[in-house]
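Structure assessment
If you want the building blocks of each chain, they are given just below.
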Amino acid sequence: MKSPITISGNRGEETPPAPPLDLESIRTFGPFRAYADDIRVDTGVEPDKYVKTHCCFCGQQCGLQLKVKDNTIIGIEPWYEFPFNQGMLCPKGVKRYLQQDHPDRLLHAYEKDSVAPGGFRPIPYPEAIRRVAASIDRLQNEFGRDAFAVLSGASLTTEKTYLMGKFAHMCLRTANIDYNGRLCMVSAAAANKKAFGIDRAANPWSDILGAEVILVSGANIAECAPITTNYVWQAREHGAKVIVVDPRITPLARTCDLFLPVKPGRDTALFNGILHLMIENDWLDHDFIAKHTVDFDAAAGQAREWTPSRTAEVTGIAEKAIRRAAELWGTARTSFLLHARGLEHHSHGVMNVLSAINIVLASGRIGRPNCGYSTITGQGNGQGGREHGQKCDQLPGGRDLDNPEHRAYVAKVWGIDPGDLPRSGADAYEIIRKIDRGEIKGLLSICFNPVVSLPDSNFVRQALAKLDFYVAIDFFMSETARYAHLVLPGSLQEEDEGTVTQVEGRIIRINKAVDCPGEARPDWQIIQDIAQFLGRERGFTFSSPREMFEELRIASKGGVADYSGVTYERIEENFGVFWPCPSETPEGVPTPGPQGTPRLFEPESWNPVAKGAGPFYFPDGRARFHGIPYSGPAEDVDGDFPIILTTGRVVSQFLSGNQTRRIGPLVDHYPEPRVEMHPRLASRLGVGDGDWVTVESRRGSCTLRSLVVNTIRPDTVFIPYHWPGRKSANQLTIAAQDPISKIPEYKVCAVRVRKADGPPEYAGLLEPQQ
């Protein structure tokens, strides 16, 4: 039986399509395409300094050096010593410096003004802050504290994410804060907590190198996490077998040993089928299961009915391939399982992840060298951003907002009464629904572009237009910021300092390279200015990110995500520190070494939950198997909408594209979204490569050029989601959510496709060049 899922609450009325392209707004705020010129192409220029820091994009957080001259970043140099990427970068990392000193950069605060160029006029920063504070005060006094909401982001430094949670819970005392990691990591996070009791990659990436079998599920790592591809390739050079599970033959899949072209939304069936064969052939680690796990019988009971033939029928994978996958995984001595959004972006994403974890636990290959499991973090601080309080149900240290002991500890650190802390609030999409229903009247957003990134985007636009007051903090005028009443000029990554936690669980330093231009401010200063104008500045008088980090260390102490033993100096000296890294442990238990805890769940390891009972983060120290019933997509194909749509990323763009669609060389690589389809489907539709096609769902439609390829299932089309407006894939996607994680189902919805009569009115309207 299917689990209950949440679907957009606006189906009773029609939502209008995306508005026509606003050329006046683009002329004023972009996106313009920036290229290297002047000082950036003068080979005779000697930089004033080289700043060792990290890429601003994905969760790998590759080390690099920014070359700085006269407060301008003029290029990058490899940072060979940083162990994760050893100087290697993807196209985004190589060109990321072109976002700095960009013509679109917001230099002032802006107020919505329909007669001003681009619909906004600049106003003095102090006046903008005063009006933000007055609007928050008015709305909360009239409608209650929870009538004002906060949407934050996982590309902020950990210090800023800590501050955002504290700002919402202590200053505003609103329950309604969430973040854009709700669209990324939360299914993996919830499943990891259910299975292991902790939410972090179990291993450093160096453990991939010695794995005999590497299983990559729902992760196009060559385009979305390119440096991780190098680890897989190195393992293959040492003899590893690589299994890829995906509806598309991704670049990694072209060179893998076994490709499993799963039908989107059927992952639980596949992993149940693999576990069935592991049990049938006794490819199990009985000793590990007996000593370190519970509930194996529940998982085995569900797997029993997933015979190879049934698994093949449901997943669309040949029975022979399923048997081969089970044999490779089941008989390996060492192994590593990696997955990403392809497994998680479902209305049953948590169940998908738990079914994958079941085959890891059944093998017993975790908690030792070259044996591991990890979800691949998507956003720059996707790990650190989900640890310290900006999630709707969370407090610092990975603590639970509704746990009385956790509330008491954090309240003591903050110097408030536990009763003053709100309870858990709404997730990001539910905040949008509450706005649409009139329950939330005001919104502050930072580092979040929901008009592009949320599903059923026409509904999202409609809801945002209903707000009494909306303030956005951003460094570019994003598509969402254009709905704001006030826009405050925030900071780029290179204009501030702090920490982030990358894909392995390694805490690293972001170092400031240049100053903010114009009236732009570091984001944390803007938040503190708002608190001051509200007259609620107590607890919001930090003088630096270092000072925030010192308080975070205390607030996280004793929690699962314990940073208390981490310092800026320790991070710099060791190329990062892996959490948990407590400052003190019980007598007889050694504190972690200089690099913290690179590998979780090692035998005889200690943690504050099990307290010596075992390596996993439950009172008995044992990991949890889960019996996972199969549940299909919330919206499956039918006669009216007979084709599956799945969405994802391309190598030269990132998330909503607010940054990458302004970097000329990245736009040139992939200028517009295209509809990827198999030749068999294209032939049936009378479509040739490059023809205009219209894709329609029950929520919207878009017309794009086709890309006819042999590397996708014939029953599926793929559209990348980085573009806004009438080019947006999220006009089509469904807002069905996982009942546990509340992640939307981006990877499956039903569509119909037809050859278009001709190009749409926006055809050829690319972002203008600088």
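Residues numbered from 1 in each chain as written. Predicted model: local features only at pLDDT ≥ 70, side-chain atom pairs only at ≥ 80, totals over all residues. Heavy atoms only, no water.

Okay, unusual backbone geometry next. In terms of backbone geometry, most residues other than glycine have negative phi values and most peptide bonds are trans. Going from Gly 30 to Pro 31, the amide bond is cis rather than trans, its omega being 15°. Looking at where Pro 31 falls in the secondary structure, it is placed in the loop between α1 (23–29) and β1 (49–54). Geometrically, the link from Trp 579 to Pro 580 is a cis peptide bond, its omega value of 0° lying close to zero. With respect to the helices and strands, the residue Pro 580 is situated in the loop between β21 (577–578) and β22 (623–624). A positive phi angle, close to 55°, is found at Asp 101, a residue other than glycine. By the element assignment, Asp 101 lies in the loop between α2 (91–95) and β4 (109–112). Overall, Asp 101 belongs to the exposed group, its relative accessible area being 54%. In this structure, Asp 456 is a non-glycine residue whose phi angle is positive, near 50°. Here Asp 456 lies in the loop between α17 (450–453) and α18 (457–464). (Helix = DSSP H or I, 4+ residues; strand = E, 2+ residues; numbered from the N terminus. Buried < 20%, exposed > 50% of the residue type's maximum accessible area, 1.4 Å probe, protein only.)

It is worth spelling out the sheet that holds β1 at this point. The pairing of strands in a sheet comes from backbone hydrogen bonds and takes either a parallel or an antiparallel form. Pairing is antiparallel in the open sheet, where three strands are placed in the order β1-β2-β3. Both edges of this open sheet fall to β1 and β3 (72–78), since each of them pairs with a single strand only. When the angles between neighbouring strand axes are averaged without regard to direction, this sheet yields 35°. Relative to β3, strand β2 (residues 63–69) is paired through six bridges, and the arrangement is antiparallel. Bridging across to β3, Gln 65 finds its partner in Glu 77. (Pairing = 2+ DSSP bridges. Axes fitted to C-alpha atoms, helices over the stretch in contact; angles between N-to-C directions.)

The domain architecture assigned to the chain consists of domain 1 (38–99), domain 2 (109–184 + 382–493), domain 3 (186–375) and domain 4 (643–764). Between the C-alpha centres of domain 1 and domain 3 the distance comes to 35 Å. Listed per partner, the contact involves 10 residues of domain 1 and nine residues of domain 3. Counting the surface lost from both domain 1 and domain 3, the interface buries some 640 Å², and carbon and sulfur atoms represent 63% of this. (Domains from an automatic or database assignment. Contact = heavy atoms within 4.5 Å. Buried area = accessible area lost by both parts, 1.4 Å probe.)

Below, the discussion takes up the pairing of strand β17 (residues 469–474). Burial within β17 is extensive, with six of its six residues counted as buried. Residues Phe 469, Val 471 and Ile 473 of β17 are buried on one face, and the alternating residues Tyr 470, Ala 472 and Asp 474, pointing to the opposite face, are buried as well. Strand direction decides the pairing type here: strand β16 (residues 442–446) and β17, joined by five bridges, are parallel. In the sheet register, Leu 443 faces β17, and the bridge partner there is Tyr 470. Bridging between β17 and strand β18 (residues 486–489) involves four bridges; their strand directions are parallel. Bridge pairing in β18 places Ile 473 opposite Leu 488.

Looking now at the sheet that holds strand β19 (residues 498–501). The strand order β19-β20-β21 describes an open sheet built from three strands, whose pairing is antiparallel. The sheet is open, and its two edges are formed by β19 and β21, each paired on a single side. Note: strand β20 (residues 506–510) against β21, two bridges, orientation antiparallel. What sits directly across from Arg 506, in β21, is Phe 578.

Okay, the packing of aromatic side chains next. Scanning the entire structure with this criterion turns up 23 aromatic pairs. When the centroid spacing of 5.1 Å and the interplanar angle of 75° are considered together, the rings of Phe 296 and Phe 625 count as edge-to-face. Here Phe 296 is found in helix α10 (residues 296–303), whereas its partner Phe 625 is found in the loop between β22 and β23 (643–648), with 329 residues between them in sequence. For the pair shown, Phe 296 and Phe 625 are each scored as buried. (Phe/Tyr/Trp six-rings, centres within 6.5 Å; stacked < 30°, edge-to-face > 60°.)

Inspection of the secondary structure assignment puts Ser 445 in strand β16. The exposure class assigned to Ser 445 is buried, which follows from its relative accessible area of 3%. For Ser 445, the contacting residues outside a window of four places in its chain are Leu 151, Tyr 470, Val 471, Ala 472 and Ile 473.

Take the pattern of salt bridges next. Per the stated rule, a full pass over the model turns up 51 salt bridges. Where Asp 199 meets Arg 386, a salt bridge forms, and the shortest distance between an N and an O atom there is 2.6 Å. Linking Asp 199 in the loop between α5 (186–196) and β8 (213–217) with Arg 386 in the loop between β13 (372–375) and β14 (394–395), this pair joins segments that are 187 residues apart in sequence. Assigned by exposure class, Asp 199 and Arg 386 land together as buried. Among the ionic pairs, Arg 624 bridges to Asp 620, the shortest N-O distance being 2.7 Å. For Arg 624, a relative accessible area of 19% translates into the label buried. (Salt bridge = Lys/Arg side-chain N within 4 Å of Asp/Glu carboxyl O.)

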